[in-house]
Amino acid sequence: MIDNEQVQETMLVLEDKLTKTVSVLKEDYTVIRAGRANPHILDRIMVDYYGAPTPINQTANISVQEGRCLVISPWDVSILKAIEKAIQVSDVGLTPTNDGKVIRLVFPELTEERRKELVKKIKKMGEDAKVAERNVRREAMDSLKKLKNDKTISEDEFALCEKDVEKMVADAVAKTDAAVSEKEKEIMTV
């Protein structure tokens, strides 16, 4: 690593953006249904809890029952209807059943066709993440080229930095590929 504050800052920004790109992809993958009950599918759903939008997991206990059913037990039974409505208007694609005490979400078995559609979606999300990683690399390289042109760093230092940038981006792309194949395997496993 070159002992230059601007270079170090550029590298830290690069590393931070690459890490965020991979973590956002993994986070986005948690809400994709894979046929098994996964409480994380509800992470983005907000419930009107006494006038304040609140995540479902802060208003109820969410548990998996028999592998294919989520049971949502609100701590305050009076918000049962609000939770049910929030799930219905969300993009989860499941219909809640309310028995007056708990809400059940049954995950249907995925068809082969639906699995293939989901894999295509997963791969597209992975490609989008790689595009973002390449854009981050371009930003870092532009910043380093500017330092080189301003004579802040030498040609040799620029070449070393370029290798570091390429290695960091290659590592991020490898993590992205691993996340894609892991989610693909999860979806295709019957």
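Overview of the structure. Keep in mind that this is a model prediction, so the values were computed, not measured.

1. A look at the packing of helix α3 (residues 112–149) against helix α4 (residues 155–188)
It is at 10 Å that the axes of α3 and α4 come closest, and there the two elements cross at 170 degrees. The angle between the axes of α3 and α4 places the two elements in the roughly antiparallel class. Residues of the contact of α3 with α4, tallied by class, amount to 15 nonpolar, two polar and 14 charged.

2. Things to note about α3
Between the first and last C-alpha of α3 there are 55 Å, a value that for 38 residues agrees with the 56 Å anticipated at 1.5 Å per step. Backbone geometry just downstream of α3 places lysine 151 in the positive-phi region, at approximately 65 degrees.

3. Some details on the sheet that holds strand β5 (residues 97–98)
In space, the four strands of this open sheet follow the order β3-β4-β6-β5, with antiparallel pairing throughout. The open sheet has two edge strands with one neighbour each: β3 (60–65) and β5. Across four bridges, the pairing between strand β4 (residues 69–74) and strand β6 (residues 103–106) is antiparallel. Residue cysteine 69 lies in a different strand from β6, and its bridge partner there is valine 106. The strands touched by helix α2 (residues 80–89) are β3, β4, β5 and β6; relative to β6, the strand with the most contacts, the crossing angle is about 20 degrees.

4. Points about the packing of aromatic side chains
Each aromatic ring pair is specified by the distance between its two centres and by the angle formed by the two planes. Overall, the coordinates contain one aromatic pair when judged by the stated rule. The positively charged end of lysine 148 is found above the aromatic ring belonging to phenylalanine 158, 4.6 Å away from the centroid.

5. Let's talk about the side chain of asparagine 4
Secondary-structure assignment places asparagine 4 in the segment before α1 (5–30). Of note is the side chain of asparagine 4, whose polar atom sits 2.8 Å from the backbone nitrogen of glutamine 6.

6. A word on the pairing of strand β1 (residues 46–49)
Bridge analysis of β1 against strand β2 (residues 52–55) gives four bridges, and the strand direction is antiparallel. Within β2, the residue paired with valine 47 across the bridge is threonine 54. Joining the antiparallel neighbours β1 and β2 is a turn of two residues, in which tyrosine 50 adopts a positive phi near 50 degrees.

What counts as what
- Residues numbered from 1 in each chain as written.
- Predicted model: local features only at pLDDT ≥ 70, side-chain atom pairs only at ≥ 80, totals over all residues.
- Heavy atoms only, no water.
- Axes fitted to C-alpha atoms, helices over the stretch in contact; angles between N-to-C directions.
- Helix = DSSP H or I, 4+ residues; strand = E, 2+ residues; numbered from the N terminus.
- Parallel < 35°, antiparallel > 145°, perpendicular 65-115°, else oblique.
- Nonpolar A, V, L, I, M, F, W, Y, C, P; charged D, E, K, R; others polar.
- Expected span 1.5 Å × (residues − 1).
- Pairing = 2+ DSSP bridges.
- Contact = heavy atoms within 4.5 Å.
- Phe/Tyr/Trp six-rings, centres within 6.5 Å; stacked < 30°, edge-to-face > 60°.
- Lys NZ or Arg CZ within 6 Å of the ring centre and 35° of its normal.
- Polar contact = N/O pair within 3.5 Å; in protein donor to acceptor, adjacent residues only side chain to side chain.

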